[in-house]
Amino acid sequence: MPPSSSPAEVPEAETLMPSLPDDVSLNILARVPRSHHPSLCQVSKAFRYLISSTDFFTTRRLLGSTDPSLYLTIRTNASPSFLSFTLQNRPRRRLVPIRPIPSSCIGSAYAVLGPELYVLGGSHNDVTSSRVWILDCRFNTWRLGPSMRVAREFAAAGVIDNKLYVMGGCIADTWARAANWAEALDPRTGTWTAVASPAEVREKWMHASAVVDGKLYAMADRGGFAYDPWKEEWVPAESELDNGWRGRACVVDGILYCYDYLGKIRGFDWGEGAWKVLKGVEKGLPRFLCGATMVNMGGNLVVVWEGKEVIGNRKEMEVWCAEIEVRKDWDGELVGEILWSEAVLTVPFRSTVIQCVAVAL
């Protein structure tokens, strides 16, 4: 059923709650946690219609009642397309499939802007793309977005002040590529504009990126840098940060967490300019997390990794997920408490977790 624009469109015979105006009913239902929405849909057609409307999600956002939802992209040898999943918490935690991206590319960049996931560029059959796909996570539907000015693969991306910034992933060997090595999308106008960049930061490959304190940090092969859009300023990343940042990372309460080659989760404390091991999680997680991906989900650290092989009629492997509450103790050390850790999906052996993001819905 297509999304509605107003709860008033619900037929009078299907009033949401007897004796209550529909706008009051909307205000009440919008506060119900997302994990209970499947149950609400069973109450009546009017409830089901409302929960699939844009008004419903807008009201949740205005009330501050959104819940973080986890989205994963997985590549398997059994499918030519990347597979998309979202985490379902009830009746048990498991990854459920949603419609996959219409065109899969290697090396795409990912960014979340409001209730939507942007998939930027990448390459297919060694041809780099400027195409942008957008997943509306409210309804799990894909559409094409405005193409970037430059084709990219393995770029850095992040959202600052409701603008989407992307940089790198291309060789600045022409005037057009040099001028648009970095660019920004204003979602209100759907327009990409060039972001001026100095020649010394124009690396091709970006292997990691994150937004911290209003700056987009990106790690390249020969050092990292940070871009401040307010000051329109590019600065080298701290050497200690650059030396310790390995793989996909996320920021929780101003601490950048990543998984190092020694099998430890570490966090970079900007106040002290130092990396610290996350303590308290050693016994609850495997010694090594293969393909570890991290994301900030509602203020908690969520770690996704490729688990052990499942022996059966066909070779399969598990995808595991853990949610960790992280904090600083009185001594300034990073401490974590594992809230839950479970296998949430079984996929063909040698599958790869491409990306993991959290979207507030």
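Note that this is a predicted model, so its numbers are computed, not measured.

### Quick notes on the overall build of the protein
- The secondary structure content of the protein amounts to six helices and 24 strands.
- Taking 2.2 N^0.38 as the reference for a compact globule, 361 residues should give roughly 21 Å; the C-alpha atoms of the protein span a radius of gyration of 22 Å, in line with that estimate.
- For the protein, the C-alpha atoms occupy an extent of roughly 65 × 50 × 50 Å along the three principal directions.
- Counting across all 361 residues of the protein, residues that qualify as buried make up 48%.

### Considering the confidence of the model for the protein
- On average, residues of the protein score 89 in pLDDT, and 96% of them are at 70 or above.
- Residue range residues 1–8 is modelled with pLDDT below 50. Its contacts to residues more than four positions away, or to other chains, number 18 contacts.

### Section: the nonpolar core
- Among the nonpolar cores identified, the biggest contains 27 residues, and Leu 29, Phe 56, Tyr 71, Leu 117, Val 119, Leu 135 and Cys 137 are the most heavily contacted of them.
- At the level of secondary structure, the elements contributing two or more residues to this core comprise helix 1 (22–29), helix 2 (37–41), helix 3 (45–51), helix 4 (54–63), strand 5 (116–124), strand 6 (127–136) and strand 24 (352–360).
- A total of four residues in this core trace back to one element, the largest contributor, which is helix 3.
- Those residues in contact with Cys 137 that lie beyond four places of it in its chain are Arg 34, Tyr 71, Pro 115, Leu 117, Val 359 and Leu 361.

### Some points on unusual backbone geometry
- Its identity as a non-glycine residue notwithstanding, Asp 126 has a phi of 65°, on the positive side.
- Considering the arrangement of structural elements, one finds Asp 126 in the loop between strand 5 and strand 6.
- Its relative accessible area of 78% is what places Asp 126 among the exposed residues.

### Here's the deal with the sheet that holds strand 10 (residues 182–186)
- Reading across from one edge, 8-9-10-11 is the order of the four strands in this open sheet, with antiparallel pairing throughout. Each edge of the open sheet carries a strand with a single partner, namely strand 8 (156–160) and strand 11 (191–195). Sheet twist, expressed as the average angle between the axes of neighbouring strands with direction ignored, equals 25°.
- Bridge count between strand 8 and strand 9 (residues 163–167): five bridges; the pairing is antiparallel. Bridged to Ala 156 within strand 9 is Met 167.

### Structural notes on the side chain of Asn 300
- Mapped onto the elements, Asn 300 comes out in strand 21 (residues 300–310).
- Polar side-chain contacts of Asn 300 include one of 2.9 Å to the side chain of Glu 323.
- When sequence neighbours within four positions are dropped, the list of residues in contact with Asn 300 reads Val 252, Val 295, Glu 323, Ile 324, Glu 325 and Leu 339.

### Overview of the UniProt feature "domain: F-box" (unreviewed entry) in the protein
- Per the UniProt record, "domain: F-box" (unreviewed entry) is annotated on residues 14–60.
- The distance separating the terminal C-alpha atoms of residues 14–60 is 22 Å; by composition the span is 57% helix and 0% strand.

### Notes on the packing of aromatic side chains
- Per the counting criterion, the structure on display carries twelve aromatic pairs.
- Taking the centre distance of 5.8 Å and the plane angle of 80° together, the rings of Phe 56 and Phe 57 count as edge-to-face.
- Summarising the aromatic geometry, the rings of Phe 154 and Trp 205 are spaced 5.6 Å apart at their centres and angled 75° between planes, so their arrangement reads as edge-to-face. Taken as a pair, Phe 154 in the loop between strand 7 (141–144) and strand 8 and Trp 205 in the loop between strand 11 and strand 12 (206–212) lie far apart in primary sequence, 51 residues in all.
- Ring-pair connections join several aromatic residues into one group, and the members of that group are Tyr 165, Trp 181, Phe 225, Tyr 227 and Trp 234.

Cut-offs and rules
- Residues numbered from 1 in each chain as written.
- Predicted model: local features only at pLDDT ≥ 70, side-chain atom pairs only at ≥ 80, totals over all residues.
- Heavy atoms only, no water.
- Helix = DSSP H or I, 4+ residues; strand = E, 2+ residues; numbered from the N terminus.
- Rg over C-alpha atoms; globule rule 2.2 N^0.38 Å.
- Buried < 20%, exposed > 50% of the residue type's maximum accessible area, 1.4 Å probe, protein only.
- pLDDT = per-residue confidence, 0-100.
- Contact = heavy atoms within 4.5 Å.
- Core = buried A, V, L, I, M, F, W, Y, C linked by side-chain atoms within 4.5 Å.
- Pairing = 2+ DSSP bridges.
- Axes fitted to C-alpha atoms, helices over the stretch in contact; angles between N-to-C directions.
- Polar contact = N/O pair within 3.5 Å; in protein donor to acceptor, adjacent residues only side chain to side chain.
- UniProt positions renumbered as here; feature names shortened; annotations may be inferred.
- Phe/Tyr/Trp six-rings, centres within 6.5 Å; stacked < 30°, edge-to-face > 60°.

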